[in-house]
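# A closer look at the structure
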Amino acid sequence: MTDVEVLAPRDVPLGGPRAMRVRRTLPQRHRSLIGAWCFVDHYGPDDVDATGGMVLPAHPHTGLQTASWLFGGELEHRDSVGSLATVRPGELNLMTAGRGISHTEVSTPDTTILHGAQLWIALPDHSRHVEPRFEHFAPAPVRGPGWEARVFIGSLLGATSPVQVHTPLLGAEIMLAPGRSLEVDVDPTFEHGVLLDVGAIDVDGQELAPSDLGHLPHGRSTIAVTAREEARLLLLGGPPFGEPIVMWWNFIGRSHEEIAAYRQEWQDQIRLGDDRGDGDDVVADGREVAEGRFGMVDLGLQPIPPPILPNVRLKERH
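Residues numbered from 1 in each chain as written. Predicted model: local features only at pLDDT ≥ 70, side-chain atom pairs only at ≥ 80, totals over all residues. Heavy atoms only, no water.

Moving on: the overall build of the chain. Secondary structure assignment for the chain yields two helices and 24 strands. Computed over the C-alpha atoms, the radius of gyration of the chain is 20 Å, within 12% of the 20 Å expected from 2.2 N^0.38 for a compact globule of 318 residues. Structurally, the chain occupies a C-alpha span of about 70 × 40 × 35 Å along its principal axes. Buried residues in the chain amount to 56% of all 318 residues. Excluding contacts between residues fewer than 6 apart, the proportion of contacts in the chain whose partners are at least 24 apart in sequence is 71%. When the accessible surface of the chain is summed, it comes to about 13,600 Å², and 49% of that surface belongs to carbon and sulfur atoms. (Helix = DSSP H or I, 4+ residues; strand = E, 2+ residues; numbered from the N terminus. Rg over C-alpha atoms; globule rule 2.2 N^0.38 Å. Buried < 20%, exposed > 50% of the residue type's maximum accessible area, 1.4 Å probe, protein only. Contact = heavy atoms within 4.5 Å. Areas by Shrake-Rupley, 256 points an atom, 1.4 Å probe, with all protein chains shown as cover.)

On to the nonpolar core. Judged by nonpolar contacts, the single largest core of 36 residues is most densely connected at Trp37, Cys38, Leu92, Leu119, Phe152, Ile153 and Leu234. Of all the elements in the fold, those that place two or more residues in this core are strand S4 (37-47), strand S6 (64-72), strand S9 (92-96), strand S11 (113-122), strand S14 (147-153) and strand S22 (222-238). (Core = buried A, V, L, I, M, F, W, Y, C linked by side-chain atoms within 4.5 Å.)

So, about empty space enclosed by the protein. Evaluated as defined, the whole model comprises two cavities of 30 Å³ or more. Volume-wise, the largest cavity comes out at about 50 Å³. In terms of lining, the largest cavity is formed by Ile174, Leu176, Leu182, Val184, Val194, Ile223, Val225, Leu233 and Leu235. Mapped by element, the contributors of at least two residues to the lining of the largest cavity are strand S17 (170-176), strand S18 (181-185) and S22. (1 Å grid on protein atoms, 1.4 Å probe; cavity = no way out; pocket = protein on both sides within 12 Å on 5 of 7 lines; lining within 4 Å. Points joined across faces, edges and corners; volume = space filled by probe spheres on them.)

Moving on, we get to the sheet that holds strand S8 (residues 84-87). Within a sheet, adjacent strands bond to each other through the backbone by hydrogen bonds, running parallel or antiparallel. Strand order in this open sheet of four strands is S5-S10-S7-S8, and the pairing throughout is antiparallel. Of all the strands in the sheet, the pair left with one neighbour each is strand S5 (55-61) and S8. Each strand axis lies, on average, 20° off the axis of its neighbour in the sheet, ignoring direction. Judged from the five bridges that link them, strand S7 (residues 75-79) and strand S10 (residues 101-107) form a sheet pairing that is antiparallel. Looking at the pairing, Asp79 lines up with His103 of S10. (Pairing = 2+ DSSP bridges. Axes fitted to C-alpha atoms, helices over the stretch in contact; angles between N-to-C directions.)

Another aspect to go through is the sheet that holds S6. If you trace the seven strands from one edge of the open sheet to the other, you get S2-S3-S4-S11-S6-S9-S12, paired in antiparallel fashion. The sheet terminates laterally at strand S2 (10-13) and strand S12 (133-137), the two strands that pair on one side only. Each strand axis lies, on average, 25° off the axis of its neighbour in the sheet, ignoring direction. Bridge analysis of S6 against S9 gives four bridges, and the strand direction is antiparallel. Note on S9: the bridge partner recorded for Thr66 is Met95.

Here it is in structure tokens:
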């Protein structure tokens, strides 16, 4: 009997009710993290002419890293530490929010089909207030009979990524030919997640459908994947995180009060009005973010305002 738990996706709007739709498998009510991975969105392939693509104006983050991974199309990333980068298929863009950052992500004008995954990594308490930074890495493929892999975080199949993470972690894309099986050696202290992008696979005997996330508990030293048809998947992993977190909107903290304070700081940075008393608006028609914890990034788009906090205390996730 398999011990693979299947986490089915739910359809949610990205950035608002009229935004691009994504399929979210993490967090869920009964499972919030796989290792330090705390957020898994899968989207596309979307016809950009029909959907409008991805248009995410300036928005803030704390206490996490964002890992952007594309299967098709391109995104332009800008952030408040001055980074300007293009996210391309098979290349990792890793943004460390740390104590606070803001950024934008917009599909490029030449993109016709957008298809990828947006992943978040929770930072442990000792690292969650680090200075924000940005890294780009294009992993070389490793190949074997009927399979190809790109390891973008951690180590697998003889390949190692150089990007900086703050807990032991694994992130890799694996492609399998029809009928092929691959057994990979993994760290037994890690729990793992298998996100299926396209195709049909069995993971240790458990069938996964596209956008399903299969969770495998720690304690195993191998994972066996068999492709029923041509397939592409992401393999994520890490030791159980072991710290409670409070996760709300774009923030990760450790208490309701901390999240509420982050929300207020972002609200103060984007608030319209003549706060300087000289007749000029601090935020010129909503398109400029004032100085503060989250820095400034301007794409000529109105920053995303924070939602209203719920009327109950935010709960810890484990």
